[in-house]
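The chain contents come next:
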Amino acid sequence: MLGLGFVLSFGYWTTNFAEVQRALSAKNLSAAQRTPLIAAFPKIFIVFLVMIPGLTAAALIPGFGTDKSGYQYNDAIPYLMEQLLPNGVLGIAVTGLLAAFMAGMAANVSSFNTVFTNDIWARYAVKGREDDYYVRFGRLITVIGVCASVGTAFLASSFSNIMSYLQTLFSFFNVPMFVVFIVGMFWKRASVKSGFWGLLAGTVAAMLNYFWIYKQGIIDIPSDQGANFVSAIVGFVAGAVVMVAVSLFTKPKPVEELQGLVYGTRSPGMSEAPAEGDDAWYRKPALLGWGAIVLAAACYIPFSF
C-alpha cells in the first residue's frame, strides 16, 4: 500500500506536468485551487472502469489472460467491444477511444515541449535567445519526443498488460520527481543541486531494483506489479536520502525566491480574494478536498477486507 497508495498515486497527481498545467492555466487563484480537486472526483471511479471489463472478460472466457485462452489482458476491452457492441455503437466506442488518445497525446506533447524548452533548454542550455528560436526548438523537441514515444511501443510489448508497463515507468520517473517536489515544498534548505542528484539517485535506484534485484531473481517478488511497488519505495527512499544529504552541503536559494513555493512562505498573490461567485460554500477548496477523501474511502475501504 505504501508503494501504490502514497508514492505512485501522489507522485502521479502532483508531478504529472499535464495535470499541473491545467491548474496553471486557470483564470484565477480560486479556480487553480479547485482544478485538481474537481478532477479528483472522476478519477476515484477510474479503478472500476479498469476492473469491470477485465472481470467481465474473465467471466465470459475461462482462463482469460493465459496462453490457454489465446487472449492477453490487454485484449479485454477490444474483445468485449467486438462481441457485445452492435455496429453503430461500436463505431461510437472506437471514435471515443481515438478521441481519448488524441486528447491525452495532445496534453502530454504540449506539456513536454513547454517544460523542456522553457524550464530546461532556455534556463540552462541556451539563455537569452529570441522567442522565435525557442518556438522552433519547441517544434523540434516535439518531433523527437513523439518519435521516442513511438519507439517505446516495442518495449511495452514485452509486458503482459499495459498497466504494469505504465506503473514501471511511473516508478522510474514520476517517483523521483515526487521526491524532489515533496522535499522542496516542505524544506527551505533544499537546493537546486540536491534536487538534481535526488532525482538521479531515485531513478537509478528504482531501475536497479527492477532490472537487477527483481529480474535477476535476487529477491523473489511474485509479479511485475509487486516489483513496481517495491521499486517505487526504493526510488523514493534513495532520492529523499540523497537530496537531504546533498542539501546539507550546498547553498540553498534565498528565502525571497521561495515565496509562495515552499510551505511556510506566502507570496502576495496567495492573498487574492475569491472572484465573484467563487466564495459559494460548494466551491470552497476545503470542502472539495475533504469530500474527495471521504468518497474515496467509501469506495475503497469496503473492498479492502
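Now for a look at the structure at hand. (Residues numbered from 1 in each chain as written. Predicted model: local features only at pLDDT ≥ 70, side-chain atom pairs only at ≥ 80, totals over all residues. Heavy atoms only, no water.)

Okay, the overall build of the protein next. The helix and strand inventory of the protein stands at 11 helices and 0 strands. Seen in sequence order, the protein has helices and strands lined up from the N terminus as α-α-α-α-α-α-α-α-α-α-α. In the protein, buried positions account for 30% of the 305 residues. Long-range contacts, defined here as pairs at least 24 residues apart, represent 68% of the contacts in the protein between residues at least 6 apart. About 19,200 Å² of surface is accessible on the protein, with carbon and sulfur atoms providing 71% of the total. (Helix = DSSP H or I, 4+ residues; strand = E, 2+ residues; numbered from the N terminus. Buried < 20%, exposed > 50% of the residue type's maximum accessible area, 1.4 Å probe, protein only. Contact = heavy atoms within 4.5 Å. Areas by Shrake-Rupley, 256 points an atom, 1.4 Å probe, with all protein chains shown as cover.)

Let's shift gears to the environment of Ile 120. Considering the arrangement of structural elements, one finds Ile 120 in helix 6 (residues 87-125). Since its relative accessible area comes to 40%, Ile 120 is described here as partly exposed. Sequence spacing of Ile 120 and Val 50 is 70 residues, and the spatial spacing of their C-alpha atoms is 35 Å. Not counting residues up to four positions away in its chain, the partners in contact with Ile 120 are Val 115 and Ala 125.

A turn of α-helix holds 3.6 residues, and therefore any two residues three or four places apart point the same way. Given a rise of 1.5 Å per residue, 39 residues ought to cover 57 Å, and the 53 Å separating the end C-alpha atoms of helix 6 matches this to within 8%. The largest bend in helix 6 is about 30°, located at Thr 117. Residues of helix 6 that are buried: Ala 107, Val 109, Ser 111, Asn 113 and Thr 117. (Expected span 1.5 Å × (residues − 1). Bend = angle between axes of the 7 residues up to and from the residue.)

What follows concerns the pattern of salt bridges. Taken as a whole, this structure holds 1 salt bridge when the rule is applied. Here Arg 129 makes a salt bridge to Glu 130, at a shortest N to O gap of 3.5 Å. (Salt bridge = Lys/Arg side-chain N within 4 Å of Asp/Glu carboxyl O.)

Look at helix 9 (residues 192-214) against helix 10 (residues 224-247): their axes get within 7 Å of each other, and the N-to-C directions meet at 150°. Of the possible angle classes, the one that applies to helix 9 and helix 10 is roughly antiparallel. You can see that helix 9 and helix 10 cross each other, and the crossing is right-handed. Here the contact of helix 9 with helix 10 is composed, by residue class, of 13 nonpolar, 10 polar and 2 charged. (Axes fitted to C-alpha atoms, helices over the stretch in contact; angles between N-to-C directions. Parallel < 35°, antiparallel > 145°, perpendicular 65-115°, else oblique. Left-handed = near helix turned anticlockwise from the far one by under 90°. Nonpolar A, V, L, I, M, F, W, Y, C, P; charged D, E, K, R; others polar.)

Let us look at the packing of helix 3 (residues 29-44) against helix 4 (residues 46-60). One can describe the packing of helix 3 onto helix 4 by two numbers: an axis separation of 5 Å at closest approach and a directional angle of 20°. Relative to helix 4, helix 3 is oriented roughly parallel. For the pair helix 3 and helix 4, the contacting residues are Pro 42, Lys 43 and Ile 44 in the first and Ile 46, Val 47 and Phe 48 in the second. Here the contact of helix 3 with helix 4 is built from residues that sort into 5 nonpolar, no polar and 1 charged.

Here we come to a nonpolar patch on the surface. Taken together, the side chains of Ile 46, Leu 49, Val 50, Met 51, Leu 55, Ile 162, Met 163 and Leu 166 define a hydrophobic patch exposed on the protein surface, amounting to about 700 Å² of accessible area. The greatest single-element share of the nonpolar patch, amounting to 5 residues, is contributed by helix 4. Along the chain, Leu 166 turns up in helix 8 (residues 162-186). With relative accessibility at 33%, the residue Leu 166 sits in the partly exposed group. (Patch = residues over 30% accessible without salt bridge, like charges linked within 9 Å, V, L, I, M, F, W, Y side chains within 5 Å.)

Counted under the stated rule, the structure contains 16 aromatic pairs. Where Phe 45 meets Phe 48, the ring centres are 6.4 Å apart and the plane angle is 35°; that geometry is what we call tilted. With relative accessibility at 38%, the residue Phe 45 sits in the partly exposed group. The exposure class of Phe 48 is partly exposed, given its relative accessible area of 25%. Aromatic pair Trp 281 and Tyr 282: ring centres 5.7 Å apart, planes at 90°, arrangement edge-to-face. An aromatic cluster of three or more residues is present, and its members are Phe 172, Phe 173, Tyr 210, Phe 211 and Tyr 214. A cation over a ring is seen here: Arg 129 above Tyr 133, with NZ or CZ 4.1 Å from the ring centre. (Phe/Tyr/Trp six-rings, centres within 6.5 Å; stacked < 30°, edge-to-face > 60°. Lys NZ or Arg CZ within 6 Å of the ring centre and 35° of its normal.)

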